[in-house]
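# Examining the three-dimensional arrangement
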2 protein chains.
Amino acid sequence: MVVRSGPLLAPRLGLGGWSAGPPVSAPEDTAPPATLAVMRVEDLGTPAALVDLEVVERNASRMSEKASSLGVRLRPHVKTHKTIEAARLQVGGHFGGITVSTLAEAAFFAAGGFRDITYAVPIVPAKLAAAARLSQQLDRISVLLDDPAAADAVEVCAREHGIRFSVFLKVDCGGRRAGVDPERDGIVALAGRLAASPHIDFRGILTHAGQSYRCRGRDEIRAVAAHERDVMVVLAARLRDAGVPVEEVSIGSTPTLAVAEDLAGITEVRPGNYVFFDATQVAIGSCALEDVAFTVLVRVIGRYPRRRELLVDGGALALSKDPGPLHVVPECGFGIVLDVRGVPIEHLRVVSLSQEHGVVRSARDLRPGEFPIGSLLRAVPNHSCLAAALFDRYAVLRGADVVGEWHPVRGW
Amino acid sequence: MVVRSGPLLAPRLGLGGWSAGPPVSAPEDTAPPATLAVMRVEDLGTPAALVDLEVVERNASRMSEKASSLGVRLRPHVKTHKTIEAARLQVGGHFGGITVSTLAEAAFFAAGGFRDITYAVPIVPAKLAAAARLSQQLDRISVLLDDPAAADAVEVCAREHGIRFSVFLKVDCGGRRAGVDPERDGIVALAGRLAASPHIDFRGILTHAGQSYRCRGRDEIRAVAAHERDVMVVLAARLRDAGVPVEEVSIGSTPTLAVAEDLAGITEVRPGNYVFFDATQVAIGSCALEDVAFTVLVRVIGRYPRRRELLVDGGALALSKDPGPLHVVPECGFGIVLDVRGVPIEHLRVVSLSQEHGVVRSARDLRPGEFPIGSLLRAVPNHSCLAAALFDRYAVLRGADVVGEWHPVRGW
């Protein structure tokens, strides 16, 4: 695709900011040059975050169709990309609600027109006032908690602000991170208390099967997905039997959604990583390599043929030091390597990272002249959520053309 | 210390940006409240990056004195903190030159008044134009290279811009990252070519003993430090014997400087991490825990006494997923835990991280009411360079008072 908006394109894309790149010029195979200002992936400074727009669109559309076919509402998580543009693609065809991981995201997406936001990290007293203020700009902001002390604080804050807080009870379905143990007796009392509070709009129960990331393939993910669903459906029934109304039964992780076939009893799903995917999702079986939409463009800055290594300018501050799917691919290193057009180079791997250096090792001898100083590669990071958060902007590609620039929110 | 600048303090510190924190108010033990606007560490939103100013000053001063006593010039690396304020503390008493890891840092510090900057990542053709532009604002910007192809590009760019590039030859003293092998014959020819070029001001040789981070204590670091020095001194002599002038012999890593006692033959050192230090430096023996100036303030957002765990709101986007000194402390996890005033809590460790969640595990049972929801802890990250880069600002502390806010540069 050629963008025929020459004079306007540079400011719109903020090309000046890609400071290390050479001047923008039309590729040789297009004409007339005077009317074109197409930036190509080769023109970008490095390291650069690349988003393949067609892949994002396909990933968003597939998840949307999957949620519809399973009869659940899609409330996508936006923490992986943190951009308005990707969130709009995610909610297409659904009710428009989203899930966020920080109050900074909540404020950013509220300003971007999103009206129904779940802040999916356990709330603490010090963050309630900000959430209360946001609630006045939104149709709904929901918080979650798993502790009576947090419930106390929610009630106090709601009274002080003259509002009712939407609250989910966070449930641990085996991830052993946040959430109440669904087997414990206290859970009915806590849910009942939330449902009875005049200061709380009790929404229901919510979980995240984080253990799915530790699976070794789709069969294991299927078992985790079935457990996630069953724990929540059984708990919802138990609470309802005890007289506690449970409107929402919310689950969500990209791996468990990737294999889900029957979500009877579930009302809402909250996957997020599927927009970009990454090397971990490929390794555990959530997606294929061609489904990965986020890569990091790097340049070769050193060549060491004797040790079969290249040095690239994507280090830990571009790829993140997430150790990746070591349980599936012990030699995974820190990234799968592609050529500049996105074709896998199977004999290369990013094997180590320091702050601004990445070491790429080849499984075979480097040929003379192969991967010279300055040549471009792309790396698929182990964990796109962490790598994307390291960039202030993403270059949005259609094929090899840079067709836009997205600016994620950051901070808390 | 009490800052008596009430009306001015809030805007100066950008307090509005610490959005999750409660309103600023005077602590109860100070009076009269109307004239004070002292922010305390307890008032900050979380997660927050904390810099203990007295520790930074002490670390900077010690390294400065050490360089002076060893008879070498200090050209500190600024990549750990990326702030003008810390860099000014680092160069105190020295000639003012600094080392950077990105061209964005070079531009930022140039704008901040620094005049002599070494960009210590191998240069590539696509970055030369930006370096050339910067050279016109500075007394000197030095680049480094280890490949004849990069030397070709430097000459072309220098000719095009009508300048001479200051160039270091990067040497590998055993880190096996960047640099020419000092044993290879080609090194004399490459150095000679740089020295003979009319477009290049050949500065000398430069190395970084990155392998020092893999040491298991000060004895091993001493061996690496001696090797780093000896490789460089021998190479400088070999080049000089071959008629190649070598003005600078530049080394630098925080661990090797921490143990250095004799740097005869070395002209310049470039440590950086020592300003902040971190859990890795403590483990390998570069410093004591009380020398660590950078911590991350987090709140307890979940309590799970049955599994002896707390959940905190400092995840991988606040602490980074650097695996830390596993070779010294196999159970290091992702952070040492301190109380809000900086006192170590030895039975707690950050044991796992996801994007916005940190799991803290206790070596003993949690007592009832201990570490309640909302309570504050501080975490010493494994690698302060990577953790600091995740924050847009640092809260600068003297004791428990917030006395300033520093804004690091980011990106490339």
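Refer to the preceding data block for the structure.
Below or above, wherever it landed, is the structure these notes cover. (Residues numbered from 1 in each chain as written. Chains lettered and ligands numbered in written order. Predicted model: local features only at pLDDT ≥ 70, side-chain atom pairs only at ≥ 80, totals over all residues. Heavy atoms only, no water.)

### Considerations on the packing of helix H5 (residues 125-135) of chain B against helix H6 (residues 148-161) of chain B
All names here are of chain B. Defined as follows: Where helices are involved, their axes are fitted lines through C-alpha atoms of the stretch in contact, as for all axes, and angles between N-to-C directions lie from 0 to 180°. To qualify as a helix, a DSSP run of H or I must reach at least 4 residues; to qualify as a strand, a run of E must reach at least 2; elements of each kind are numbered from the N terminus. Should the near helix be turned anticlockwise from the far one by less than a right angle, the crossing is termed left-handed; should it be turned clockwise, right-handed. Residues count as neighbours in contact if any of their non-hydrogen atoms are within 4.5 Å of one another. Three residue categories are used. Nonpolar comprises Ala, Val, Leu, Ile, Met, Phe, Trp, Tyr, Cys and Pro, charged comprises Asp, Glu, Lys and Arg, and polar comprises the others, including Gly.
The interhelical angle for the contact between H5 and H6, taken along N-to-C directions, is 35°, at an axis separation of 10 Å. Crossing angle aside, the handedness with which H5 passes H6 is right-handed. Here Pro125, Leu128, Ala129 and Ala132 of H5 come into contact with H6, specifically with Ala153, Val154, Cys157 and His161. Grouping the amino acids of the contact of H5 with H6 by side-chain chemistry returns seven nonpolar, one polar and no charged.

### Let's talk about the sheet that holds strand E3 (residues 73-74) of chain B
Residues and elements named next belong to chain B. To be explicit about the condition: Two strands make a pair as long as DSSP finds a minimum of two bridges between them.
The eight strands are arranged E3-E10-E9-E8-E7-E6-E5-E4 in an open sheet whose pairing can be described as parallel. In this open sheet, the two edge strands, each paired with only one partner strand, are E3 and strand E4 (98-100). Bridge analysis of strand E9 (residues 248-251) against strand E10 (residues 268-269) gives two bridges, and the strand direction is parallel. Bridge pairing in E10 places Ile251 opposite Val269.

### Details of the sheet that holds strand E7 (residues 165-171) of chain A
Residues and elements named next belong to chain A. As summarised here, the arrangement of the eight strands in space is E3-E10-E9-E8-E7-E6-E5-E4, forming an open sheet in which the pairing is parallel. Pairing within the sheet leaves two strands with one partner each, and these edge strands are strand E3 (73-74) and strand E4 (98-100). Where helix H8 (residues 218-241) meets the sheet, its contacts fall on E7, strand E8 (200-207) and strand E9 (248-251), and the angle it forms with E8 comes to roughly 150°.

### Some remarks on the nonpolar core
Worth spelling out the cut-off: We define the nonpolar core as a collection of buried residues of types Ala, Val, Leu, Ile, Met, Phe, Trp, Tyr and Cys that are connected through side-chain atoms lying within 4.5 Å of one another. Think of it in three bands: with a 1.4 Å probe and only protein chains considered, a residue is buried below 20% of the maximum accessible area for its type, exposed above 50%, and partly exposed in between.
One finds Phe165(A) and Phe165(B) to be the most contacted residues of the largest nonpolar core, which totals 250 residues. For Phe165(B), the residues in contact, after removing those within four places along its chain, are Leu128(B), Ala131(B), Ala132(B), Val143(B), Val154(B), Cys157(B), Ala158(B), His199(B), Ile200(B) and Asp201(B).

### Concerning empty space enclosed by the protein
Defined as follows: A 1.4 Å probe that fits into a set of points on a 1 Å grid over the protein atoms alone but cannot get out defines a cavity; an open set with protein on both sides within 12 Å along at least five of seven lines defines a pocket, and lining residues are those with an atom within 4 Å of a point. Grid points are joined across faces, edges and corners, and a volume is the space filled by probe spheres set on the points.
Scanning the entire structure with this criterion turns up seven cavities of 30 Å³ or more. Reported here for the largest cavity is a volume of approximately 130 Å³. The residue inventory of the lining of the largest cavity, partitioned by class, reads nine nonpolar, one polar and five charged.

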